[in-house]
Amino acid sequence: RPLTRSPIAIRDMASGDWILDCRSEGYRKLAETWSKRYQANPGDKAASLNYARALRGMDEKAQAASVLQQAAARNPDDPEIMAAYGKALVETGQF
């Protein structure tokens, strides 16, 4: 059955019921936490990767790609960052 997603709930399009999506709520909390760390130090590898993961979990793929683009610019020789950035580009249709 097709579902539409929001950061907090999913809607079952067949029945029209709204269902709490605990994973999305968890991603929102993670995004809030990692956003603060990322804003304080955009060059922090862990903050960049984890903030981007949380954004992807909330289906904010373009914003995640932007975070990873900045991380890749700061760390062009880091294979973990470059792999995450490449994946983000594919997910957003930019590659």
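One can find the structure itself at the top, above this paragraph.
Figured I'd write up the structure that's included with this text. (Residues numbered from 1 in each chain as written. Predicted model: local features only at pLDDT ≥ 70, side-chain atom pairs only at ≥ 80, totals over all residues. Heavy atoms only, no water.)

Side note on the overall build of the protein
Thought 1: Scanning the protein from N- to C-terminus turns up 4 helices and 3 strands.
Thought 2: When the helices and strands of the protein are read in sequence order from the N terminus, they spell out β-β-β-α-α-α-α.
Thought 3: Taking all 95 residues of the protein together, 33% fall into the buried category.
Thought 4: Excluding contacts between residues fewer than 6 apart, the proportion of contacts in the protein whose partners are at least 24 apart in sequence is 26%. (Helix = DSSP H or I, 4+ residues; strand = E, 2+ residues; numbered from the N terminus. Buried < 20%, exposed > 50% of the residue type's maximum accessible area, 1.4 Å probe, protein only. Contact = heavy atoms within 4.5 Å.)

A word on the packing of helix α2 (residues 45-57) against helix α4 (residues 79-91)
Thought 1: Contact pair α2 / α4: the axes reach a minimum separation of 11 Å and the direction vectors enclose 25°. The orientation of α2 with respect to α4, classified from their angle, is roughly parallel. Here α2 runs over α4; the crossing is left-handed. Only E80, I81, A84, K87 and E91 of α4 make contact with α2, whose side of the interface consists of K45, L49, R53 and R56.
Thought 2: Broken down by class, the residue content of the contact of α2 with α4 amounts to 3 nonpolar, no polar and 6 charged. (Axes fitted to C-alpha atoms, helices over the stretch in contact; angles between N-to-C directions. Parallel < 35°, antiparallel > 145°, perpendicular 65-115°, else oblique. Left-handed = near helix turned anticlockwise from the far one by under 90°. Nonpolar A, V, L, I, M, F, W, Y, C, P; charged D, E, K, R; others polar.)

Considerations on the side chain of S48
Thought 1: Tracing the backbone shows S48 in helix α2.
Thought 2: Exposure remark for S48: the relative accessible area of 1% places this residue in the buried category.
Thought 3: Excluding residues that lie within four positions of it along the chain, S48 makes contacts with Y38, P42, V67, L68 and A71.

Description of the side chain of D78
Thought 1: With respect to the secondary-structure elements, D78 resides in the loop between α3 (61-74) and α4.
Thought 2: With relative accessibility at 16%, the residue D78 sits in the buried group.

Quick look at the pattern of salt bridges
Thought 1: Scanning the entire structure with this criterion turns up 7 salt bridges.
Thought 2: Of the charged contacts, one joins E80 and R53 as a salt bridge, the two residues approaching to 3.8 Å between their closest N and O atoms. Of the two residues, E80 is situated in helix α4 and R53 in helix α2; the sequence distance between them amounts to 27 residues.
Thought 3: By relative accessible area, which is 40% here, E80 ends up partly exposed.
Thought 4: A relative accessible area of 42% places R53 in the partly exposed class.
Thought 5: Bridged by salt links that share partners, the residues K45, R53, D78 and E80 form one connected network. (Salt bridge = Lys/Arg side-chain N within 4 Å of Asp/Glu carboxyl O.)

Details of the packing of α3 against α4
Thought 1: Axis separation between α3 and α4 bottoms out at 9 Å; the angle between their running directions is 145°. Between α3 and α4 lies a crossing whose hand is left-handed. Every residue of α4 that contacts α3 at K61, A65, L68, Q69, A71 and A72 is listed here: I81, M82, A84, Y85, A88 and E91.
Thought 2: Residues that form the contact of α3 with α4 fall into these classes: 9 nonpolar, 1 polar and 2 charged.

Bear in mind that shape data such as this cannot, by itself, settle questions of function.
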